[in-house]
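Summary of the model geometry
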Amino acid sequence: MLTIENYVKAGNLEEAYEKNQKKTSRIIGGMLWLKMSRMRVQTAIDLSGLGFDTIEEDDREISMGAMVTLRQLETHAGLLEYTEGSMKESLRHIVGVQFRNLATLGGSIFGRFGFSDVLTEFLALGAEVELYKAGRITLEEFSKMPVDRDILVGVILPKKIEKSAYLSLRNTSTDFPVLTCGVSMLSDGMIQASIGARPGRAVVVKDKEGILKDGITESRAKAFGEYVSGEIVTGSNMRAGAEYRKHLAEVLTRRCILKIGGGQE
């Protein structure tokens, strides 16, 4: 089981950062995955007193603190409207409401878990992250970085998405996903897909070949799905095999494309 020797409620970010430099320290959020580990934590650092639990929106972007819960994201009217429901769809299968009332955005993003619906959705939406020391960088860049001792302050959604859609496949409703897929159309017309639970970390595939540049049709949606499937690497685990995940990537991408294009299967 998890063992914690000392608990500290940080008074400011610098204090939290300094205490987090020791390998035996951990930043704690909702404590939902960490508590199931068998590690020994010398110092648990709580950020809940630093005001990182709000969502702010203006004409340019939507900013979310690291301590915002998944339930806050799921029920926020601005996010629901901006993402056309894809944010809510990406979260609704994550265990249950009680779980989502505790799980934090920061924990979900900083962990960069392969099974993360949250990472898949925010990558598809072109999100950026704000780190205490490294500053503001794209989530796509951050997702490829190794885990370090910096602190995630918040996540930002620049308002550059015209349409978005999200789908996942699970063996049972609240289980970890077999595959996740988020698709968005940027304001410049570029379409990108994010594929997660490969079972590795989610990755972004952009329509660099211009498959959809002349509009969305069933045949072009299928062609882009095949392109995305060919660009990603999949693996096998207890939930599914690599070949099946390749097939799912094509199917879910095609369905998301048709959804944002207003088409039907």
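Up top you'll find the structure we're talking about.
Predicted model only: the values in this text are computed from it and were never measured.

Counting its regular elements, the protein chain contains 10 helices and 12 strands. Dimensions of the protein chain along its principal axes, counting C-alpha atoms only, are 60 × 45 × 30 Å. Per-residue burial for the protein chain yields a buried fraction of 51% across its 265 residues. Within the structure as shown, the protein chain displays about 12,500 Å² of accessible surface, and the carbon and sulfur contribution to it stands at 50%. Here the protein chain holds 35 positive side-chain charges and 35 negative ones, and the gap between their average locations is 6 Å.

There is about 950 Å³ of room inside the largest pocket. Around the largest pocket, the lining comprises 45 residues; the ones closest to its centre are Gly-106, Gly-107, Ser-108, Gly-111 and Phe-113. Of all the elements, helix H6 (residues 105–111) adds the most residues to the lining of the largest pocket, at five residues. Grouping the constituent residues of the lining of the largest pocket by class yields 25 nonpolar, 13 polar and seven charged. Of the pockets and cavities examined, the second largest pocket occupies roughly 170 Å³. Thr-54, Ser-63, Met-64, Gly-65 and Glu-130 are the residues nearest the centre of the second largest pocket, which is lined by 15 residues in total. Every element with two or more residues in the lining of the second largest pocket is listed here: strand S5 (61–65) and strand S8 (152–158). Partitioned by chemical class, the residues of the lining of the second largest pocket number five nonpolar, five polar and five charged.

So, about the nonpolar core. Ranked by size, the top nonpolar core spans 35 residues in total, and within it Met-64, Leu-73, Ile-109, Phe-122, Val-129, Leu-139 and Leu-157 carry the most contacts. With four residues, helix H7 (residues 117–124) is the largest single contributor of residues to this core. Excluding residues within four positions of it along the chain, Ile-109 makes contact with Val-118, Leu-119, Phe-122, Val-129, Leu-139, Phe-142, Leu-152 and Val-155.

Attention now goes to the environment of Leu-125. As for its placement among the helices and strands, Leu-125 is situated in the loop between H7 and strand S6 (128–131). By relative accessible area, which is 1% here, Leu-125 ends up buried. Separated by 63 residues in the primary sequence, Leu-125 and Asp-188 place their C-alpha atoms 14 Å from one another. With near-sequence residues (within four places) excluded, Leu-125 lies in contact with Thr-83, Met-87, Leu-157, Ile-161 and Ser-164.

So, about the packing of aromatic side chains. Per the stated rule, a full pass over the model turns up five aromatic pairs. Taking 5.1 Å as the distance between ring centres and 5° as the angle between the ring planes, the aromatic pair formed by Phe-113 and Phe-115 counts as stacked. Taking the relative accessible area as the measure of exposure, Phe-113 reaches 27% and is therefore partly exposed. The rings of Phe-113, Phe-115 and Phe-176 are connected pair by pair, giving a single aromatic cluster.

Calculation notes
Residues numbered from 1 in each chain as written. Predicted model: local features only at pLDDT ≥ 70, side-chain atom pairs only at ≥ 80, totals over all residues. Heavy atoms only, no water. Helix = DSSP H or I, 4+ residues; strand = E, 2+ residues; numbered from the N terminus. Buried < 20%, exposed > 50% of the residue type's maximum accessible area, 1.4 Å probe, protein only. Areas by Shrake-Rupley, 256 points an atom, 1.4 Å probe, with all protein chains shown as cover. Lys, Arg positive; Asp, Glu negative; His and termini not counted. Charge placed at Lys NZ, Arg CZ, Asp CG, Glu CD. 1 Å grid on protein atoms, 1.4 Å probe; cavity = no way out; pocket = protein on both sides within 12 Å on 5 of 7 lines; lining within 4 Å. Points joined across faces, edges and corners; volume = space filled by probe spheres on them. Nonpolar A, V, L, I, M, F, W, Y, C, P; charged D, E, K, R; others polar. Core = buried A, V, L, I, M, F, W, Y, C linked by side-chain atoms within 4.5 Å. Contact = heavy atoms within 4.5 Å. Phe/Tyr/Trp six-rings, centres within 6.5 Å; stacked < 30°, edge-to-face > 60°.

Remember, this is a structural readout, not a statement about activity or role.
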